[in-house]
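Okay, here's what each chain looks like letter by letter:
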Amino acid sequence: MMRQINREWRFMLRQRYVMVILLCSFLVSTFSVTTGLSEVNAQRQTIERLKQADIIDRTKAQAKYDDAGSLAYYSFHLVYSEPSNLAFAALGERDVYPWKHRIRMLALEGQIYESDAQNAELAQAGKIDFAFVISVLSPFFLILLFHDLIASERASGRHNLLVTTAKSVYALWGARAAVRFGAIFLCVLLPFYIGAAISDAALGAVLQITLWCFLYFAFWTALSIYLGRNANSAPRIASALIGLWALFAFVIPILGDLTIEQSIQAPKGSDILLTQREAVNDAWDLPVETTMEAFVAKHPEYKNDTNVEGGFEWKWYYAFQQVGDQVAAPISKEYRAAAHKKHDLAGYVSFFAPPMLIQRKMAEIAQTDAVAAFEYEQNIRDFHKSLRLFYYPWLFRHDEFDKSQLNLMPQFEQTLINSKN
Amino acid sequence: MTNVNQNEVVIESQSITVKIQNSTILSDLNFKVAKGEIYALLGGNGAGKSSTLKTFLGFNTPTSGRAIIDGRDVSQSLDMARSKTAYLPENATLYPHLTAKENVEYFLSLADINKSLEDIEAAFERVALQKDAWERQLQTYSKGMRQKTAISLAILREAPIFLLDEPTSGLDPVAIDEFNFLVKELASSGSTILMVTHDVYGACQVANRIGLLRAGELVGEFEAQDNHRIDTEQVHAAFAQRQSS
Amino acid sequence: MSAQLNTVMSSVWYVAKDEWRYWLRSKVAIFVLAIGLVLTLSSVIKTAFTMHGLSHDRNAMQNLSEETFMEQPDRHPHRMVHYGHYAFRTPSPLSILDPGIDAYTGNSIFLEGHRQNSAMFADQKQGTGLTKLGNLSPAFIVQVLAPLLIILIGYSTMSRERESQTLAFLVAQGTSIYTLIMGKILALFLVVCLITLPLALSGMLAIFQGESLFIVLGFLFGYVFYLLVWVLIVVFLSTLVSKNNESFTALVFVWILLCIAMPRVASTTASVSSPSAGKLETDFAVIAALRKLGDGHNANDPAFTKLKDSLLKQYDVETVEELPINFRGAVASASEAELSKVLNQFAEQRMDTELEQTQIARRFGWLSPNVAIRSLSMITAGSSIETHHRFLRETEALRLDFVQSLNKAHTEKLSYIDDINRNNGEEAWQRARVSAQNWKMIEGFSFSADSASTRFSRSVGAFAQLFTWATILVVLIRLAGRREI
């Protein structure tokens, strides 16, 4: 066995065209991993810088004001979603979904859709990350390597001699395919392993990605060899394989996308915002009681503290901020449910489109997919809630606000820890 | 049908019929080749020469009848049959980007045979491949040189049976002479040779027996009497007649 | 001389006709061409409908938002500053061929006082994520898939002649190899014309919708020229190698490099080599700058002492109460003007960085004609980042305009005494208002892309990239034609 592998290995090293493909795949993979690492590094550094600036800014605000209402109004809080250790390999949806916000205790629906998006023209071109190399480029390398595995020998008249000389079919085609497969697998995944080691990724996740890549590579290899087994014209087979690739990578996903978009009716994002704004703005003209009733429905513990003296009191202001969110909540929920539904349905479509499937799997393992973005959004909501629960007693109960209490203010990091449990 | 010593038969076609998609390629083909014999299947284009070889190599499965190599049915024990046969393809196509030595090493390894460098060089000398070419890539070779390389590979595999596909087509007269000499030497040292060709004169010069193939049927056999050459005129007349009929 | 030219022309035409006959008989080529036409046509129709729908929706929402604003009752003017309204970016007419970044940026901005909001609700965010690799827009089909179709049809165009040795035969007959090459180029060029025909039809529709003829012709010429570059690549590599399968492999390899890998390498390189800070980060600087300006809601903020002094001097009075205008309104107006300056300064910086990144990515057009046509197409269609920046600038002007006219009403039509007493009971609350007539000042906002000449001058670089590609390829083909038959 080793002898067969060894022979085919040395044989492969002499085939210039195979070596060119291997070299290209290695270079592309290295490029994707390197830029992925630097992208993730930049994101981490941005978060670090933001964290520091956030503390400084909040400290200044806290120094300037003394009452709970003003403190809540002028204090912003950084929320973020840190890239995982494997994010370098699958940047996923992080260029489309936002991963950092600064929020305050005002109506959340007005803040949560702010997106600090990256350059739209670059996002439109897409990024070349490792997941892209695997899902889109590697099928090409595999097609080029395997479609004429047998056809090229047949075309140059060596096929019969090879087959009759070989001790067994496996010793020849098996060993040859195994060596090429091993070589391309190594060329593409080696940069990834180095990247994973650098970024200290969990072994289990790395193994998972290895397994998925192996299955995906095996799929394209088997398909290429199977379709090419009896062929005389290599370009014809390659055309067919590339046609299949285009079908899997473009046609099926596009058709799936059209179908899903047609079948899911979702409210427009701007409707949420409009509803929430209207509610908040109208509240200024509505009787205080109307707002307070709606507020107390959610917070019965303050039902005896709703009396507002004079024209303006912070508790009224924050109550109608929350009521704004409450009014917009049904549309907002529907909007989110539609996004979830679309994501799930896209998952079914991807079963018929292997490149999409592997891309989704990798983003899932690297926690950079839409689900991770949804979770981050939930974290923001949870944190916002804990912030409100922190301030409400000071706002509604007229207790003297002691600024030392600010040390007990909820931390986003705590929300993250709670959500993991 | 010529008599052949049954104990020494190594290649035997037992009523082989091959049909591919309803067209009959070979029809009830019967012949035997004894050890040490050179048997030439002679026929025009489309007579079924290559199909016969392919059947003995196991690429065609007979619709009926059996292809026997060394007493065993090829379609039953394919690997055994292939290990006993050395096949020489029409253009002696080996890897052009490898040298003669590398090609031979590669194919020997494929057959799982260990040979020392001395053995390989001895084989090259035996087939008279000029020494200065041993380390050159095959893309610089003439067809005769490629054929010598392929034969040296067959010798090194120590396969007792040779299947040759149009071995002399495209060779110059000197190379044909060298080739004929080599084949006879192989036969005299105990190898059995089945070759297919459309070259009447070449076949008569080298073969012990000639089978005449037409439209997948064996229509005649000629044999050298008393170690003399087969009568070329006689075969040619039969060949020409059969072709025109 | 002209007779000789005529002979050459007719031989070129004959070669082209012969090539077409070969395709018609081989079926594969015709099948591929049919797929190409179906894809282009369906994408043209589908995108035209989608973009038309989007355009209609956004116009409707623009009107709705403005009407709701104007229908608000009598109020304190500053309430309306916070009430705000929306500006929608209607897609340019040529977006029906290249929607560009439309789905990747938000398409509406909420305009309100004291804040520059970002464009929210990019369509891509609420999408399925399935169109990451490509979508059914004519731009994508023609930029990425059409070259592949040309390769599948034409990879053997010269290598076939060499492999079957008809090339030697033809040349021995006295046909020049360049005549043959020109004929093959002509044959493939006819394929290009067929593929771009649906684009031309859709382009006419865009002219109907008010797009300039000049820019539509430039857009179509860009695409035809881009595909011509691919024809030259195909003919060049097919001439260079001796075997069909070598030509095929080489061309597919070049395609994946230029069309699939290079645009992404370009964008990745741009974002890594020139990272942009992001709005959140520059906002800290904005907040710091604003803190110096003082809070416009608080007329007693020490930051406004200077304004107070100059106003008192101007009207020759002792106290702000004696001023003929509402001091609170004056403060709001002055602070909004200052604030807008600061916000714009940072916004311009951010746009500059973004543009710089984009320029880095566009420079990859020298390495890949696909990158060149991408920028050419988006720029001329008016769906590039520049158009979005124009939208941001226009909305900021609109925002400042509406806020300041409300502040003017605040200053001139609401008495200072009523204003400061607004929280003293229901009656005072009612008195601190101005008439709803003042809300009628907002004019209908309708966004349009840059002028044709601006867009054209921006696309010159991309045109130059394509011309360079074509020139180099022509030289290479001449060299390849010299090799032995």
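Residues numbered from 1 in each chain as written. Chains lettered and ligands numbered in written order. Predicted model: local features only at pLDDT ≥ 70, side-chain atom pairs only at ≥ 80, totals over all residues.

Can you walk me through the overall build of chain C in this structure?
Looking only at helices and strands, chain C features 18 helices and three strands. In summary, chain C has a C-alpha radius of gyration of 31 Å against a globular reference of 23 Å for 485 residues, an excess of more than 25%. In terms of overall dimensions, chain C has a C-alpha envelope of 105 × 45 × 40 Å along the principal axes. Buried positions account for 49% of the 485 residues belonging to chain C. (Helix = DSSP H or I, 4+ residues; strand = E, 2+ residues; numbered from the N terminus. Rg over C-alpha atoms; globule rule 2.2 N^0.38 Å. Buried ≥ 20, exposed ≤ 12 C-beta atoms within 10 Å, placed from the backbone.)

Help me understand the overall build of chain B in this model?
Helix and strand counts for chain B come out as eight helices and 10 strands. Taken over C-alpha atoms, the radius of gyration comes to 18 Å for chain B, in line with the 18 Å a tight globule of 245 residues would show. Principal-axis analysis of the C-alpha atoms gives chain B an extent of 50 × 40 × 35 Å. Here chain B holds 245 residues, and 47% of them are scored as buried. A separation threshold of at least 6 residues defines the contact pool for chain B, and within that pool the share at least 24 residues apart is 71%. (Contact = placed C-beta atoms within 7 Å.)

What am I meant to see in the interface of chain A and chain C here?
Reports of interface size often rely on the accessible area that becomes lost once the parts have come together. Contacts between chain A and chain C engage 66 residues on the former and 63 residues on the latter. Counting only elements with at least two residues in the side of chain A that touches chain C, the list comes to helix 2 (16–64), strand 2 (100–103), helix 4 (120–125), helix 5 (130–146), helix 10 (234–263), helix 11 (269–283) and helix 13 (314–350) of chain A. Here the side of chain A that touches chain C gets 12 residues from one element, more than from any other, and that element is helix 10 of chain A. Of the residues belonging to the side of chain A that touches chain C, the class tally is 37 nonpolar, 16 polar and 13 charged. (Nonpolar A, V, L, I, M, F, W, Y, C, P; charged D, E, K, R; others polar.)

What is the right way to look at the interface of chain B and chain A in this model?
The partner chain A presents 17 residues to the 17 residues of chain B that form the contact. Every element with two or more residues in the side of chain B that touches chain A is listed here: helix 2 (78–84), strand 6 (85–88) and helix 3 (100–110) of chain B. The element best represented in the side of chain B that touches chain A is helix 3 of chain B, accounting for four residues. Split by residue class, the side of chain B that touches chain A holds nine nonpolar, five polar and three charged.

I keep staring at the domain arrangement of chain B and nothing clicks. Help me out?
Residues and elements named next belong to chain B. Its domain assignment divides chain B into domain 1 (6–84 + 161–244) and domain 2 (94–159). If you average the C-alpha positions of domain 1 and of domain 2, the two centres end up 25 Å apart. Contact with domain 1, which involves 10 residues of that partner, is made by eight residues of domain 2. The set of elements that each furnish at least two residues to the side of domain 1 that touches domain 2 consists of strand 7 (161–165) and helix 6 (173–188). Counting residues per element, the side of domain 1 that touches domain 2 draws most heavily on helix 6, at four residues. Across the side of domain 1 that touches domain 2, the residue classes break down as seven nonpolar, one polar and two charged. (Domains from an automatic or database assignment.)

Looking at this model, I keep getting lost on the packing of helix 9 (residues 244–273) of chain C against helix 12 (residues 327–363) of chain C. Mind explaining?
Helix-helix packing is characterised by the crossing angle of the two axes and by the distance between the axes. All names here are of chain C. Running from N to C, helix 9 and helix 12 point in directions that differ by 140 degrees, and their axes come no closer than 8 Å. Judged by the angle between their axes, helix 9 and helix 12 are oblique. Both helix 9 and helix 12 take part in a crossing whose hand is right-handed. Contact residues: helix 9 offers Ala266, Ser267, Thr269, Ala270, Ser271 and Ser273, while helix 12 offers Gln357, Ile360 and Ala361. Grouping the amino acids of the contact of helix 9 with helix 12 by side-chain chemistry returns four nonpolar, five polar and no charged. (Axes fitted to C-alpha atoms, helices over the stretch in contact; angles between N-to-C directions. Parallel < 35°, antiparallel > 145°, perpendicular 65-115°, else oblique. Left-handed = near helix turned anticlockwise from the far one by under 90°.)

How should the sheet that holds strand 7 of chain B be read in this particular structure?
Backbone-to-backbone hydrogen bonds join strands into a sheet, with any given pair of strands oriented parallel or antiparallel. Residues and elements named next belong to chain B. Spatially, the six strands line up as an open sheet ordered 6-7-8-3-9-10, and their pairing is mixed. Edge positions in the open sheet fall to strand 6 and strand 10 (217–223), since each of these has one partner strand only. Neighbouring strand axes in the sheet, compared pairwise and without regard to direction, differ in orientation by 15 degrees on average. Taken together, the five bridges between strand 3 (residues 38–43) and strand 8 (residues 192–197) define a ladder with parallel strand orientation. Each bridged residue has a counterpart across the sheet, and for tyrosine 39 the counterpart in strand 8 is leucine 194. Those strands touched by helix 6 are strand 3, strand 7 and strand 8, and its axis lies near 145 degrees from that of strand 8. (Pairing = 2+ DSSP bridges.)

What should I look at first to understand unusual backbone geometry in this one?
Excluding glycine, residues mostly carry a negative phi; peptide bonds, for their part, are mostly trans. Phi at glutamate 158 of chain B is positive, roughly 55 degrees, even though this residue is not glycine. Following the sequence through the fold, glutamate 158 of chain B ends up in the loop between helix 5 (143–156) and strand 7.

Any chance you could explain the sheet that holds strand 3 (residues 115–116) of chain C here in plain terms?
Residue and element names in this part refer to chain C. The strand order across the open sheet formed by three strands is 1-2-3, and the pairing between neighbours is antiparallel. The open sheet terminates on both sides in strands that have one partner only, identified here as strand 1 (85–88) and strand 3. Pairing between strand 1 and strand 2 (residues 108–112): four bridges, direction antiparallel. Counterpart to alanine 87 in the pairing with strand 2 is isoleucine 109. Relative to strand 2, helix 14 (residues 385–413) is tilted by about 25 degrees, and along the sheet it contacts strand 1, strand 2 and strand 3.

Teacher, can you tell me more about the environment of leucine 156 of chain B here?
Residue and element names in this part refer to chain B. Mapped onto the fold, leucine 156 is located in helix 5. The sequence separation of leucine 156 and leucine 98 amounts to 58 residues, and the corresponding C-alpha distance is 18 Å. With residues up to four places along the chain from it excluded, the contact list for leucine 156 reads Val104, Leu108, Lys115, Asp119, Ile120 and Ala123.

Help me out: how do you make sense of the arrangement of the chains in this one?
Among the two pairs of chains in contact, the pair with the most contacts is chains A and C. Between chain B and chain C there is no contact, and the shortest C-alpha to C-alpha separation is 16 Å.

What is the right way to look at the packing of helix 9 (residues 203–228) of chain A against helix 10 of chain A in this model?
All names here are of chain A. Their axes nearest at 10 Å, the elements helix 9 and helix 10 cross at an angle of 140 degrees. Classed by the angle they form, the pair helix 9 and helix 10 counts as oblique. In this structure, helix 9 crosses over helix 10, and the sense of that crossing is right-handed. Taking contact as the criterion, the partners of Leu223, Ser224, Leu227 and Gly228 in helix 9 are, on helix 10, Ile237, Ala240 and Leu241. For the contact of helix 9 with helix 10, the class distribution of residues is five nonpolar, two polar and no charged.

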